[in-house]
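Below, each chain spelled out in residue letters.
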Amino acid sequence: MKGLVVQGVSKSYGTIKALDRLELNVDAAEFMAVMGPSGCGKTTLLLVILGVLKPDEGHIWIDGNDVDELPLDKRNIGYVPQDFGLFPHLDVYENVAFGLRVRKHPEARIRDRAEELLVIVDLEGMEGRKPKELSAGQKQRVALARALATNPPVLLLDEPLSSIDEATKAEVRANLKEIQKRSKVTTLCVTHNPEDSFQLGERIAIMYSGKIIQCDTPQGILDSPKTDLVRKLVAPMYILWNQRGPL
Amino acid sequence: MTRDRFELAIIVLASALIIYMLVSILYLYIAVGERWSSVVNALFDSRVLGAIAISISSALIVGALAIAAAIPSAYLLAYKSFRGKGALETFLIDLPQTFPPVTEGLVYLLMFGRVGLAYTYAAVIIAKFYVSAPFAISFATRRFREIRESGLDVIARTLGAGTRHVLGRILLPLSSRDLLAGFSLTWARAMGELAATLVFAGAIPWRTEAIPTLVYLTAAEMPEVAIAASVIAETLSIVALLSFRWIARRRS
């Protein structure tokens with residue numbers, strides 16, 4: 001089965017259960033937003049999928065393969081952290097080329113792929129810039145290009161819009177969605193922001209206390225929230241979504 | 001008003017310390033001025049030249065070895081969790097800086113004396129390394145920890161980088177200034193090390209006699225030789241530290 005499957009995953013820190021037999025299926029090429037308040041276990045979920053943390057129980061499947069035993073450098077998961085994590089000593093081109101270089105792709109292939117990605121993320125002509133010379137939106141696009149360079153089957157985004165200022169947020173959000181659509185990569189994005197999750201996610205998984213308590217389309221969640229808690233978490237969207245609608 | 005007076009008192013105290021430190025360094029040059037011609041003659045004394053050669057070469061070798069040792073140790077301390085890590089860090093970094101160097105020289109004499117290493121050039125390196133290398137190790141460890149906190153190594157790994165690439169493409173390039181700073185302090189400390197070197201390596205001119213040992217042995221009998229050697233050592237240290245600072249600032 002294509003896509004990402006999180007099957008019965010638990011992870012505890014001492015007595016605190018960060019993930020509690022969590023189940024989540026992200027279909028191939030789908031954009032899934034995981035939304036929940038701070039401390040609900042979103043970051044732990046990302047770290048377990050990435051392979052930074054080992055779950056206490058459960059399995060992670062990517063495109064039908066159990067990746068539990070693979071170290072993080074062998075999982076080939078695209079990852080864009082909250083602060084974008086660009087390598088400060090490398091220019092835009094070398095950041096994008098990083099994954100291809102360490103995988104020893106031939107130079108011509110690296111150049112073609114990097115150039116292709118820089119077109120996709122609309123950063124042609126900026127190859128030689130250092131990260132500190134870029135705006136937050138540009139940094140995010142470099143991080144996306146870098147994460148997508150090795151054609152990962154899964155892309156993980158950690159609070160992708162939290163470092164973007166309000167004035168450019170709508171544009172960056174649209175861009176992000178467009179790039180995801182064009183690359184057709186299975187995407188899981190965690191955010192605490194209801195609006196971001198509603199605008200980005202084809203489906204939204206509402207997370208609370210280490211569990212997914214409801215997973216549905218934005219409209220589905222608004223129409224029939226499973227619990228009062230879900231209704232409370234997505235409350236701002238009853239006005240915003242009905243006013244503005246999807247992107 | 002009261003607060004301003006208090007601040008003034010702090011500035012006066014700080015100034016007193018600064019003057020004390022500067023005078024301690026600069027008084028040597030005043031001493032040179034008093035005995036100008038005999039000190040200049042002593043500068044070309046074969047024993048002084050030998051000590052300069054031994055000091056500079058051994059300190060450079062110690063600096064290079066310390067960097068080579070600092071990289072794996074810093075990786076271990078920054079990235080691996082194991083029992084007794086705190087104690088290990090104390091043994092690697094804090095203890096050598098506080099342990100009496102003369103005792104360390106004695107330990108090496110007992111340990112390596114019977115295999116013929118005592119009173120050799122290698123003994124100079126071994127003695128200076130123990131006391132000086134912690135500077136390089138602590139600088140590298142602190143920087144590797146900062147990089148780990150930033151998560152850049154995790155991102156590199158998600159992109160397929162193994163430990164070799166994480167080290168070669170992320171940790172080392174991002175630590176170059178800190179490694180340079182570690183090297184320079186290690187070098188300066190190695191230049192000044194006396195007790196461990198004297199006990200374990202002795203003071204054989206052109207073989208194991210470094211500037212501090214020469215100064216120690218000649219201070220009472222031939223002060224002009226001691227002053228000549230000291231002024232060379234001090235000038236070299238000041239110039240080297242200032243140059244390293246300048247290079248580090250340019251790189252940033």
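Parameters and conventions
- Residues numbered from 1 in each chain as written.
- Chains lettered and ligands numbered in written order.
- Predicted model: local features only at pLDDT ≥ 70, side-chain atom pairs only at ≥ 80, totals over all residues.
- Core = buried A, V, L, I, M, F, W, Y, C linked by C-beta atoms within 7 Å.
- Buried ≥ 20, exposed ≤ 12 C-beta atoms within 10 Å, placed from the backbone.
- Helix = DSSP H or I, 4+ residues; strand = E, 2+ residues; numbered from the N terminus.
- Contact = placed C-beta atoms within 7 Å.
- Nonpolar A, V, L, I, M, F, W, Y, C, P; charged D, E, K, R; others polar.
- Pairing = 2+ DSSP bridges.
- Axes fitted to C-alpha atoms, helices over the stretch in contact; angles between N-to-C directions.
- Domains from an automatic or database assignment.

Trainee: Describe the nonpolar core, listing the residues and the values that go with them.
Mentor: Of all hydrophobic cores here, the largest spans 135 residues; its most connected members are Val34(A), Val96(A), Leu156(A) and Phe200(B). Top contributing element to this core by residue count: helix H6 (residues 121-150) of chain B, with 15 residues. In contact with Leu156(A), other than residues within four places in its own chain, are Leu46(A), Ile49(A), Leu50(A), Ile77(A), Gly78(A), Tyr79(A) and Leu188(A).

Trainee: Requested: an account of the interface of chain A and chain B, with residues and values cited.
Mentor: The interface of chain A with chain B comprises 17 residues on the first partner and 14 residues on the second. Where the side of chain A that touches chain B is concerned, the elements lending two or more residues are strand E6 (77-80) and helix H2 (92-102) of chain A. The greatest single-element share of the side of chain A that touches chain B, amounting to three residues, is contributed by H2(A). By residue class, the composition of the side of chain A that touches chain B is nine nonpolar, five polar and three charged.

Trainee: Which residues make up the sheet that holds strand E10 (residues 211-216) of chain A, and what values do they have?
Mentor: Residues and elements named next belong to chain A. Taken in spatial order, the six strands line up as E6-E7-E8-E3-E9-E10 in an open sheet, and their pairing is mixed. Both outer strands of the open sheet, E6 and E10, are each paired with one neighbouring strand and no more. Within the sheet, the average angular offset between the axes of one strand and its neighbour, ignoring direction, is 20°. Pairing geometry for E6 and strand E7 (residues 154-158), over four bridges, is parallel. Paired with Gly78 across the two strands is Leu155, which belongs to E7. Where helix H4 (residues 136-148) meets the sheet, its contacts fall on E6 and E7, and the angle it forms with E6 comes to roughly 170°.

Trainee: Can you explain the sheet that holds strand E5 (residues 65-66) of chain A? Please cite residues and give values.
Mentor: All names here are of chain A. One open sheet accounts for four strands, arranged E2-E1-E4-E5; its pairing is antiparallel. Of all the strands in the sheet, the pair left with one neighbour each is strand E2 (16-26) and E5. When strand E1 (residues 4-13) meets strand E4 (residues 57-62), the two strands line up antiparallel, connected through five bridges. Pairing of Val5 across the sheet is with Trp61, part of E4. Contacting E1, E2 and E4, helix H1 (residues 42-50) runs over the sheet at an angle of about 65° to E2.

Trainee: Could you give an account of the environment of Glu195(A), naming the residues involved and the relevant values?
Mentor: Residue and element names in this part refer to chain A. Mapped onto the elements, Glu195 comes out in helix H6 (residues 194-200). The sequence separation of Glu195 and Met35 amounts to 160 residues, and the corresponding C-alpha distance is 9.8 Å. For Glu195, the residues in contact, after removing those within four places along its chain, are Pro236, Met237 and Leu240.

Trainee: Just give me the short version of the pairing of E2(A), but keep the residues and values in it.
Mentor: Look at any regular strand and the pattern is simple: side chains alternate between the two faces of the sheet. All names here are of chain A. In the sheet, E1 pairs with E2 via seven bridges, with the strands oriented antiparallel. Within the sheet, the bridge partner assigned to Val6 lies in E2 and is Leu24. Hairpin connection from E1 to E2: two residues lie between these consecutive antiparallel strands, with Gly14 at a positive phi of about 60°.

Trainee: Quick rundown of the domain arrangement of chain B? Include the residues and the values.
Mentor: In terms of domain boundaries, chain B breaks down into domain 1 (1-34) and domain 2 (45-251). Its residues assigned to classes, the side of domain 1 of chain B that touches domain 2 of chain B shows five nonpolar, no polar and no charged.

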